[in-house]
Amino acid sequence: MDAENTLPTPATPPQIRTVDVNRAVEWIAGGFRMFMKAPGTWLLVVLALVVGLIVTGIVTSFLPEWLRSALTSILGVVVIGVLMRSCRAFEQGGDFVAHIQATVALQPLWILGLISAALNVGLSVLTGVLGLSSFAVVMMNPSSIFHVLGFGMLVLFAASILVSMAVWLAPALIVFKGVAPLEAVRLSFLGTVKNLVPYIVYSLLGIVICIVAAIPVFLGFLVVVPMGICSWYLAYKDIFEGESA
């Protein structure tokens, strides 16, 4: 295995950097600039992702929904790890695909995928519990339906955000810093908490951009997906490597 494919050995714990809120805008702008440096290559990446999603959907179509969701979460984390290393290779002028085998073989990344799957299954269970509880309460007191539904949706939204914060930067921490899976989850969560406002702004901007991208028959996602991948990488660099986008 050559130097490019060698994965890091953890030395000192990664330091979390607190950034200004305007960095959220720069992550997205920087992601767009990275995309524009090689749009053809990134479009091929998007095509590969679409094909992968279709094949995964077909192969897992006979499985129970919870198991399909778990497998999707696991594979998603591994793919994110591969894409993070792709961004680094592209940025440094290296081989865009040479790292794939080494990254896919990284056991901690698969363990992180299992953790992510467990968290998402937990969300599904929470959804079911809240649904049953809400139904029971509404049956006893129909006039409370709006309060019950509002509370249930608020709990689910908060839980989803917490899970997202815990997993957001964890794949990059494993791939670039050699951090253990649970520690990567902890650091991702702390890094997001310490940069909560930029994270919120980044997320809201991402939602707006996705809405706009969906207008021309979803063709805008050909740009938005690679731009989002690159901006994700730049956010990690900014927070854990102290490098501006």
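Computed from a predicted structure; not experimentally measured.

## Comments concerning the overall build of the protein chain
Phase 1: Summing up its helical and strand segments, the protein chain has ten helices and zero strands in all.
Phase 2: Each helix (α) and strand (β) of the protein chain, taken in turn from the N terminus, gives the series α-α-α-α-α-α-α-α-α-α.
Phase 3: Burial statistics for the protein chain: of 245 residues in total, 38% are counted as buried.
Phase 4: Counting contacts in the protein chain only where the partners sit at least 6 residues apart, residues at least 24 apart contribute 77% of the total.
Phase 5: For the protein chain, the accessible surface area stands at approximately 13,200 Å², while carbon and sulfur atoms represent 75% of it.

## A few points about the confidence of the model for the protein chain
Low pLDDT marks regions whose predicted coordinates should not be analysed in detail.
Phase 1: Put simply, the protein chain has an average pLDDT of 84, and 84% of its residues get 70 or more.
Phase 2: For the stretch residues 1-5, pLDDT sits under 50, and the model shows eleven contacts to residues farther than four places along the chain or on other chains.

## Topic: a nonpolar patch on the surface
Phase 1: On the surface, Phe32, Met36, Leu43, Val217, Leu219, Leu222 and Val223 cluster together into a nonpolar patch covering about 620 Å² of accessible area.
Phase 2: At the level of secondary structure, the elements contributing two or more residues to the nonpolar patch comprise helix 1 (22-37) and helix 10 (221-241).
Phase 3: On the accessibility criterion, Val223 (30% relative accessible area) is partly exposed.

## Brief notes about helix 3 (residues 65-91)
Phase 1: Spanning 27 residues, helix 3 covers 38 Å between terminal C-alpha atoms, matching the ideal 39 Å at 1.5 Å per step.
Phase 2: Of the residues one or two after helix 3, Gly93 is the one with positive phi, at around 75 degrees.

Rules and cut-offs
Each chain has its residues counted from 1, running along the sequence as written. Residue-level local features of this predicted model are given only where pLDDT is at least 70; pairs of side-chain atoms are given and counted only at 80 or more, and the full residue set underlies all totals for whole chains, interfaces and linings. With hydrogens and water set aside, each side-chain value is computed from the structure's full complement of heavy atoms. Put simply, DSSP H or I for four residues or longer makes a helix, DSSP E for two residues or longer makes a strand, and each gets a number counted from the N terminus. In this scheme, a residue with accessible area under 20% of its type's maximum is buried, one over 50% is exposed, and one in between is partly exposed, where area comes from a 1.4 Å probe on protein chains only. Contacts are assigned to residue pairs that have any heavy atoms within 4.5 Å of one another. In this description, accessible areas are obtained by the Shrake-Rupley approach with a 1.4 Å probe, and a residue is regarded as covered only by the protein chains that are shown. Confidence scores labelled pLDDT are given residue by residue by the predictor and lie between 0 and 100. Patch criteria: residues need more than 30% relative accessible area and no salt bridge. Like-charged residues are merged within 9 Å; nonpolar side chains of Val, Leu, Ile, Met, Phe, Trp and Tyr are merged within 5 Å. Basic side-chain nitrogens of Lys or Arg form a salt bridge, by our definition, when they fall within 4 Å of a carboxyl oxygen of Asp or Glu. Expected helix span is computed as 1.5 Å times (number of residues minus one).

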